[in-house]
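Below are the chains, spelled out letter by letter.
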Amino acid sequence: MAQNKGNIPEWGEDFIKKLDSFLYDKPTRNVMETIDSFFEQAKIPKQIPVDVVETDTEWMVQVDLPGLKKEQIELKLLGNQITIIVHHKEEKEKYDESFQYYRKERRQHRNQRTITLPYAVDKKSAKASFHNGVLEIKGPKSQTDTGSITID
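Below, the structure is looked at part by part. Note that the structure is a prediction, hence the values are computed from the model and not measured.

**A look at the overall build of the chain**
Here is step 1: When its secondary structure is counted, the chain shows two helices and seven strands.
Here is step 2: Going from the N terminus to the C terminus, the chain shows its helices and strands as α-α-β-β-β-β-β-β-β.
Here is step 3: Within the chain, the proportion of its 152 residues that are buried is 22%.
Here is step 4: A sequence separation of at least 24 residues applies to 55% of the contacts in the chain between residues at least 6 apart.

**Quick notes on the environment of glutamate 136**
Here is step 1: Here glutamate 136 shows up in strand 7 (residues 134–140).
Here is step 2: For glutamate 136 and valine 50, which are 86 residues apart along the polypeptide, the C-alpha to C-alpha distance reads 9.9 Å.

**Examining the pattern of salt bridges**
Here is step 1: As enumerated under the stated definition, the model contains three salt bridges in all.
Here is step 2: The closest approach of N and O atoms between lysine 76 and glutamate 74, which form a salt bridge, is 3.8 Å.
Here is step 3: Under the relative-accessibility criterion, lysine 76 is labelled partly exposed at 45%.
Here is step 4: The salt bridge partner of lysine 138 is glutamate 136, with a shortest N-O separation of 3.7 Å.
Here is step 5: Accessibility expressed as a relative area gives 31% for lysine 138, which makes it partly exposed.

**Brief notes about unusual backbone geometry**
Here is step 1: Even without being glycine, asparagine 132 reaches a positive phi, approximately 50°.
Here is step 2: Take asparagine 132: it is sitting in the loop between strand 6 (127–131) and strand 7.

**Brief notes about the pairing of strand 1 (residues 50–54)**
Here is step 1: Relative to strand 2 (residues 58–64), strand 1 is paired through five bridges, and the arrangement is antiparallel. By the bridge assignment for strand 2, aspartate 51 is matched with glutamine 62.

**Digging into the nonpolar core**
Here is step 1: One finds Trp59, Val61, Val63, Leu65, Ile82, Ile84 and Leu135 to be the most contacted residues of the largest nonpolar core, which totals 19 residues.
Here is step 2: Residue assignment for this core shows that the elements contributing at least two residues are strand 2, strand 4 (81–96) and strand 7.
Here is step 3: Ignoring anything within four residues of it in the chain, the contact list for tryptophan 59 reads Val53, Glu54, Ile82, Leu117, Tyr119, Val121, Ala126, Ile137, Lys138, Gly139, Pro140 and Lys141.

**Some thoughts on the environment of glutamine 47**
Here is step 1: Residue placement: glutamine 47 occurs in the loop between helix 2 (29–41) and strand 1.
Here is step 2: On a C-alpha basis, the gap between glutamine 47 and asparagine 111 in space is 7.5 Å, while along the polypeptide they are 64 residues apart.
Here is step 3: What glutamine 47 contacts, discounting residues up to four positions off in sequence, is Asn111 and Arg113.

**A word on the sheet that holds strand 7**
Here is step 1: The strand order 1-2-7-6 describes an open sheet built from four strands, whose pairing is antiparallel. Looking at the sheet topology across the chains shown, the edges are occupied by strand 1 and strand 6. Strand-to-strand twist of the sheet, defined as the mean angle between neighbouring strand axes without regard to direction, takes the value 15°.
Here is step 2: Where strand 6 lies against strand 7, five bridges are found, and the strand directions are antiparallel. Looking at the pairing, phenylalanine 130 lines up with leucine 135 of strand 7.

Cut-offs and rules
Residues numbered from 1 in each chain as written. Predicted model: local features only at pLDDT ≥ 70, side-chain atom pairs only at ≥ 80, totals over all residues. Heavy atoms only, no water. Helix = DSSP H or I, 4+ residues; strand = E, 2+ residues; numbered from the N terminus. Buried < 20%, exposed > 50% of the residue type's maximum accessible area, 1.4 Å probe, protein only. Contact = heavy atoms within 4.5 Å. Salt bridge = Lys/Arg side-chain N within 4 Å of Asp/Glu carboxyl O. Pairing = 2+ DSSP bridges. Core = buried A, V, L, I, M, F, W, Y, C linked by side-chain atoms within 4.5 Å. Axes fitted to C-alpha atoms, helices over the stretch in contact; angles between N-to-C directions.

It is worth stressing that arrangement in space is one thing and function is another; only the former is reported here.
Next up, the structure:
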């Protein structure tokens, strides 16, 4: 069996050269970009981060949603619960004339989170705004329902 100076068989050295060529030569650079984008996708948080704050008169929910547009966010109110639903669709097209390749990627992501407040959410008085990637939902505090009634 033929051996080289580094005690790697000749076929092993050839394999390493082919692997290096596959990963780093310019015509296959798009493979590396695809691998990079896979790991960038993995950074998407599993749960939508939420802060709930209250003052003497109102409650407020703040949600950081950087990079999203208002049209990608849906709010549902039911009793004392607020459900935030995020629909993220992305489509990229790329054509590189120097290497004669065309690539089109599509991604779709849906995430939701339900927040339970100690107060009933009044749909008429609750307000929502979205500025600079921060969703803010707020409304006046109402009496908490203790589940009891008075006896006449």
